[in-house]
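Chain by chain, the residues run as shown.
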Amino acid sequence: MRRPIIAGNWKLNKSIREAIDTVTLLKRQLADVQAVDIVVCPVYTAIADVAEVLSETAIKVGAQDVYWEDKGAYTGEVSAPLLKEAGAQYVVIGHSERRQFFHETHETVNKKTRAALKAGLTPIVCVGELLSEREAGRTFGVVGEQLKGGLAGFTADDLKQIVLAYEPVWAIGTGKVATPQQAQEVHAFIRKQLTEGWGAEVAQAVRIQYGGSVKPDNIAELMREPDIDGALVGGASLEAGSFADIVKNAVVVGVR
Ligand code: PGA
């Protein structure tokens, strides 16, 4: 059974005050939505305050990254137990911006995912190809490697706790959304990889989000595809009204 899941990745945007204002609006606008899991991912410094505002609601809070050690001499890092303590229940791992600008590898994605699971956080593990890789016909190869490396060593039970996000890098922040067919093709490939690695039952249970220029007017057609179970939204999640519209427009199919 796959319940749709829409997550907003605010990236490096919003002060604590601005974050509180946004979720205060969201809370009102999404009070009646029950058919979708909803997550917002503010910067670290706003997590606790955002979680406080959302405490009596169905909207959950996520972090945008995590370190794999619990504590120690790792200046500047934040661990999974601390995120949990601050009120996070999800964490985005291996976003393409982290892979590109902060040199994350399959191995770091793997360690971070393991740490998140250990702390009881739901990891949202991101995969996706660059434009040059797509043009070279390497999309499945690249995504396959990211899955293999990022998820190596996890059990079927682990997999059931993980959300995956397919985000073609050429569609992120560009306004150039993948067509529903392009996205579905890769989502189906991901599910096939999951079937081969962990069996059909696990593959059918794992939710796979699409990410890359998702907007209120393109979410419904994406959600109609059989293997697209939600979205990871960047730019259009910053404004409460547009994020709320995306969530509402995502309810075109129920649990599958
Ligand atoms: P975008 O970002 O919606 O602004 O394209 C998506 C993401 O980076 O998760």
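Residues numbered from 1 in each chain as written. Predicted model: local features only at pLDDT ≥ 70, side-chain atom pairs only at ≥ 80, totals over all residues. Heavy atoms only, no water.

A. Examining the site of the ligand more closely. What surrounds the ligand is a group of 13 residues, the closest being Lys 11, His 95, Glu 167, Gly 173 and Ser 213. The separation between an oxygen atom of the ligand and a polar main-chain atom of Gly 235 is 2.8 Å. Protein contacts shield 96% of the accessible area of the ligand, which totals 290 Å² for the unbound molecule. Judged by its atoms lying within 2 Å of the grid points, the ligand is housed in the second largest pocket. When the residues that make up the shell around the ligand are grouped by side-chain class, the tally is four nonpolar, seven polar and two charged. (Near = heavy atom within 4 Å. Polar contact = N/O pair within 3.5 Å; in protein donor to acceptor, adjacent residues only side chain to side chain. Areas by Shrake-Rupley, 256 points an atom, 1.4 Å probe, with all protein chains shown as cover. 1 Å grid on protein atoms, 1.4 Å probe; cavity = no way out; pocket = protein on both sides within 12 Å on 5 of 7 lines; lining within 4 Å. Sits in = over half its atoms within 2 Å of the grid points. Nonpolar A, V, L, I, M, F, W, Y, C, P; charged D, E, K, R; others polar.)

B. Here's a closer look at the nonpolar core. In this structure, Ile 6, Leu 26, Val 50, Leu 164, Ile 190 and Tyr 210 are the most contacted members of the largest nonpolar core, which totals 69 residues. In this structure, Ile 5, Cys 41, Val 92 and Ala 165 belong to the second largest nonpolar core, which totals 11 residues. (Core = buried A, V, L, I, M, F, W, Y, C linked by side-chain atoms within 4.5 Å. Buried < 20%, exposed > 50% of the residue type's maximum accessible area, 1.4 Å probe, protein only.)

C. The arrangement of the packing of helix H5 (residues 106–119) against helix H7 (residues 139–150) in detail. Put simply, H5 and H7 touch, their axes get as near as 8 Å, and they point 45 degrees apart. Regarding the angle of H5 to H7, the classification is oblique. The way H5 lies across H7 gives a crossing that is right-handed. Facing H5, whose interface residues are His 106, Val 109 and Asn 110, H7 presents Glu 145, Gln 146, Gly 149 and Gly 150. Residue classes in the contact of H5 with H7 are distributed as one nonpolar, five polar and one charged. (Axes fitted to C-alpha atoms, helices over the stretch in contact; angles between N-to-C directions. Helix = DSSP H or I, 4+ residues; strand = E, 2+ residues; numbered from the N terminus. Parallel < 35°, antiparallel > 145°, perpendicular 65-115°, else oblique. Left-handed = near helix turned anticlockwise from the far one by under 90°. Contact = heavy atoms within 4.5 Å.)

D. Summary view of the sheet that holds strand S7 (residues 207–211). With respect to topology, eight strands assemble into a closed barrel ordered S1-S2-S3-S4-S5-S6-S7-S8, the strand pairing being parallel. Neighbour to neighbour, the strand axes of the sheet diverge by 25 degrees on average, direction disregarded. Judged from the five bridges that link them, strand S1 (residues 5–9) and strand S2 (residues 37–41) form a sheet pairing that is parallel. Across the sheet, residue Ile 5 finds its bridge partner in S2, namely Asp 37. (Pairing = 2+ DSSP bridges.)

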